[in-house]
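One letter stands for each residue in the lines below.
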Amino acid sequence: MPHFNIEYSANLADKVDMQALVDVVHAAVVSLGPFPLGGLRVRAFPTETYAIADKLPENGFIDMSFRIGAGRSDAEKKRAGEVIFGAVSDHLKTLFDTPHFMLSLEIREIDPELSWKKNSIHTRLSNTK
Amino acid sequence: MPHFNIEYSANLADKVDMQALVDVVHAAVVSLGPFPLGGLRVRAFPTETYAIADKLPENGFIDMSFRIGAGRSDAEKKRAGEVIFGAVSDHLKTLFDTPHFMLSLEIREIDPELSWKKNSIHTRLSNTK
Amino acid sequence: MPHFNIEYSANLADKVDMQALVDVVHAAVVSLGPFPLGGLRVRAFPTETYAIADKLPENGFIDMSFRIGAGRSDAEKKRAGEVIFGAVSDHLKTLFDTPHFMLSLEIREIDPELSWKKNSIHTRLSNTK
């Protein structure tokens, strides 16, 4: 953990460098502090088939979901959302100048009793520090 | 909000016009009333790698997930599920005539304390009304 | 139900036979007992755009999500997670020999009040038994 998922309408692929967006999110999450680098997985999935708002072909969306381990305070979670959403909003500022774009973010906690994980990257990162 | 996600096995792409299905869902959600057009995002994702039930190659599935903002009553949520599931079931009637198809829908509320959104479509739609 | 989703970084496609992985999960779920074969849908989605941990190009992840119907005991859910995670970990043993791999699993219950389903496979499977 944590897991960061981005879904986006494929018509944005011409306008947004999605690898750069993933890197912006990665940097924002790392900057926060409480989320270990060695467990961070940011990824994006395009959809080719969609119907957005009034269905103008220019309409586009980016929807983000951040799943985190339990144990962060409400304040830490609020701040995480604000920092990440702020960084992405800034990065995509030109899209908001058009009347055709929606951005969203949801944070959800993973139940520690019903999750399992195994990670060979954590060990490497601990060793190099 | 709201967000409507459809996942489907790619072997259905020959049998179902997925853009038409997305449009059927879009129309059903709009017909309900409590969900603003300007925030609606319906989208579909195919999977090429799957194992369904007894793994006959003809087996196919469509799984739908509807994430909505908080504040609707239980009755409104129940009705939303019934109307959307009914519309999609009717649209896919011929698939149910085969013994190889599964359809499902789940509604989940988004925590208002842990979600963020920004939308330049809402403003345009308000202005044109 | 149940639904089993696998997301993975596309750089693993050379190293892991994803159809074989989906089949390993399918077999593990069926072996458990409380999950009916006729409702099982295992599927996988690759991501081509991602940033994993310290962003070495060799870093890869597989993230699994198991959504199940309500009604199983805590012990049944725990056992399900352990058996499935164990089977997948064994299958991917060589990946854990590298310092570049993360595997995760989350189980989540579907709210019976807010879910709908229709299944023409169940009937066929009941008839053949």
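Residues numbered from 1 in each chain as written. Chains lettered and ligands numbered in written order. Predicted model: local features only at pLDDT ≥ 70, side-chain atom pairs only at ≥ 80, totals over all residues.

### Focus: the overall build of chain A
Move 1: Tallying secondary structure elements over chain A gives 4 helices and 6 strands in all.
Move 2: Reading the secondary structure of chain A in the N-to-C direction produces β-α-β-β-β-α-α-β-β-α.
Move 3: Out of the 129 residues belonging to chain A, those deemed buried represent 41%.
Move 4: The long-range share in chain A, meaning contacts at least 24 apart out of those at least 6 apart in sequence, stands at 80%. (Helix = DSSP H or I, 4+ residues; strand = E, 2+ residues; numbered from the N terminus. Buried ≥ 20, exposed ≤ 12 C-beta atoms within 10 Å, placed from the backbone. Contact = placed C-beta atoms within 7 Å.)

### Quick notes on the relation of the copies chain C and chain B
Move 1: For the match of chain C to chain B, the screw axis carries a shift of 0.0 Å, the RMSD comes to 0.0 Å, and the turn is 120°. Classification of the inter-copy transformation places it as that of a three-fold axis. Within chain C, Phe45(C) has its C-alpha nearest the rotation axis, a separation of 5.1 Å.
Move 2: A different interface surface on each copy is seen, since only 4% of the contact residues of chain C are contact residues in chain B too. (Least-squares fit on C-alpha atoms with pLDDT ≥ 70 in both.)

### Considering the interface of chain A and chain C
Move 1: Each partner contributes residues to the interface: chain A has 26 residues there, and chain C has 28 residues.
Move 2: Those elements that place two or more of their residues in the side of chain A that touches chain C are helix 1 (18-32), strand 2 (41-47), strand 6 (115-119) and helix 4 (121-127) of chain A.
Move 3: Residues belonging to the side of chain A that touches chain C are distributed by class as follows: 12 nonpolar, 8 polar and 6 charged.
Move 4: In this structure, strand 6 of chain A lies alongside strand 5 (residues 101-110) of chain C, joined through 5 bridges in antiparallel fashion. Its bridge partner being in strand 5 of chain C, Lys118(A) is matched across the sheet by Leu103(C). (Nonpolar A, V, L, I, M, F, W, Y, C, P; charged D, E, K, R; others polar. Pairing = 2+ DSSP bridges.)

### Quick word on the sheet that holds strand 2 (residues 41-47) of chain C
Move 1: Taking strand neighbours across the sheet as the criterion, the 6 strands line up as 6(A)-5(C)-4(C)-1(C)-2(C)-3(B) in an open arrangement whose pairing is mixed. At either margin of the open sheet sits one strand with a lone partner, and together these are strand 6 of chain A together with strand 3 (49-52) of chain B. Looking at each pair of strands side by side, their axes are set apart by 10° on average, direction ignored.
Move 2: Contacts from helix 1 (residues 18-32) of chain C reach strand 3 of chain B together with strand 1 (3-9) and strand 2 of chain C within the one sheet, and its direction differs from that of strand 3 of chain B by about 25°.
Move 3: Its contacts with the sheet put helix 2 (residues 74-91) of chain C on strand 6 of chain A together with strand 4 (60-69) and strand 5 of chain C, and the angle it makes with strand 5 of chain C is roughly 155°. (Axes fitted to C-alpha atoms, helices over the stretch in contact; angles between N-to-C directions.)

### Side note on the confidence of the model for chain A
Move 1: Across chain A, the average pLDDT comes to 95, with 98% of residues at 70 or higher.
Move 2: Here the predicted complex carries an ipTM of 0.96, next to a pTM of 0.96. (pLDDT = per-residue confidence, 0-100.)

### Considerations on helix 1 (residues 18-32) of chain B
Two residues of an α-helix separated by three or four positions point the same way, owing to the 3.6 residues in each turn.
Move 1: In a regular helix each residue adds 1.5 Å, so 15 residues correspond to 21 Å; helix 1 of chain B covers 22 Å between its end C-alpha atoms and thus fits that length.
Move 2: Buried within helix 1 of chain B we find Leu21(B), Val22(B), Val25(B), His26(B), Ala28(B) and Val29(B). Looking down the long axis of helix 1 of chain B, one finds its buried residues gathered within 165° of arc, a one-sided arrangement. Along helix 1 of chain B, the residues that are exposed and aim more than 90 degrees away from the buried face are Ala20(B) and Ser31(B).
Move 3: On its buried side, helix 1 of chain B packs onto strand 3 (49-52) of chain A together with strand 1 (3-9), strand 2 (41-47) and helix 2 (74-91) of chain B. (Expected span 1.5 Å × (residues − 1). Arc of directions from axis to C-beta.)

### Examining the interface of chain C and chain B
Move 1: Taken together, the 26 residues of chain C in the interface contact 28 residues of chain B.
Move 2: Secondary structure elements with two or more residues in the side of chain C that touches chain B: helix 1, strand 2, strand 6 (115-119) and helix 4 (120-127) of chain C.

### Things to note about the relation of the copies chain A and chain C
Move 1: The operation relating chain A to chain C is a screw motion whose rotation component is 120°, with 0.0 Å of axial translation and a residual RMSD of 0.0 Å.
Move 2: The residues that chain A uses at the interface reappear at the interface of chain C in only 4% of cases, marking distinct surfaces.

### Here's the deal with the pairing of strand 5 of chain C
All names here are of chain C.
Move 1: With respect to burial, strand 5 is a largely interior element, 8 of its 10 residues being buried.
Move 2: As paired strands, strand 4 and strand 5 are joined by 10 bridges and run parallel to one another. Considered in strand 5, the bridge of Ser65 is made with Glu106.

### Examining unusual backbone geometry
Residue and element names in this part refer to chain A.
Move 1: Backbone torsion omega between Met1 and Pro2 reads 0°, so that peptide bond is classified as cis.
Move 2: As for its placement among the helices and strands, Pro2 is situated in the segment before strand 1 (3-9).
Move 3: Positive phi values are uncommon outside glycine, yet Ala53 reaches one of about 50°.
Move 4: Examined against the element boundaries, Ala53 turns out to sit in the loop between strand 3 and strand 4 (60-69).

### Points about the sheet that holds strand 4 of chain A
Move 1: The strand order 6(B)-5(A)-4(A)-1(A)-2(A)-3(C) describes an open sheet built from 6 strands, whose pairing is mixed. A strand with exactly one partner marks an edge of an open sheet, and here the two such strands are strand 6 (115-119) of chain B together with strand 3 (49-52) of chain C. Averaged over all neighbouring strand pairs, the angle between strand axes comes to 10°, with direction disregarded.
Move 2: Sheet topology places strand 1 of chain A next to strand 2 of chain A; 7 bridges connect them, and they run parallel. Pairing of Asn5(A) across the sheet is with Arg43(A), part of strand 2 of chain A.
Move 3: Those strands touched by helix 1 of chain A are strand 1 and strand 2 of chain A together with strand 3 of chain C, and its axis lies near 25° from that of strand 3 of chain C.

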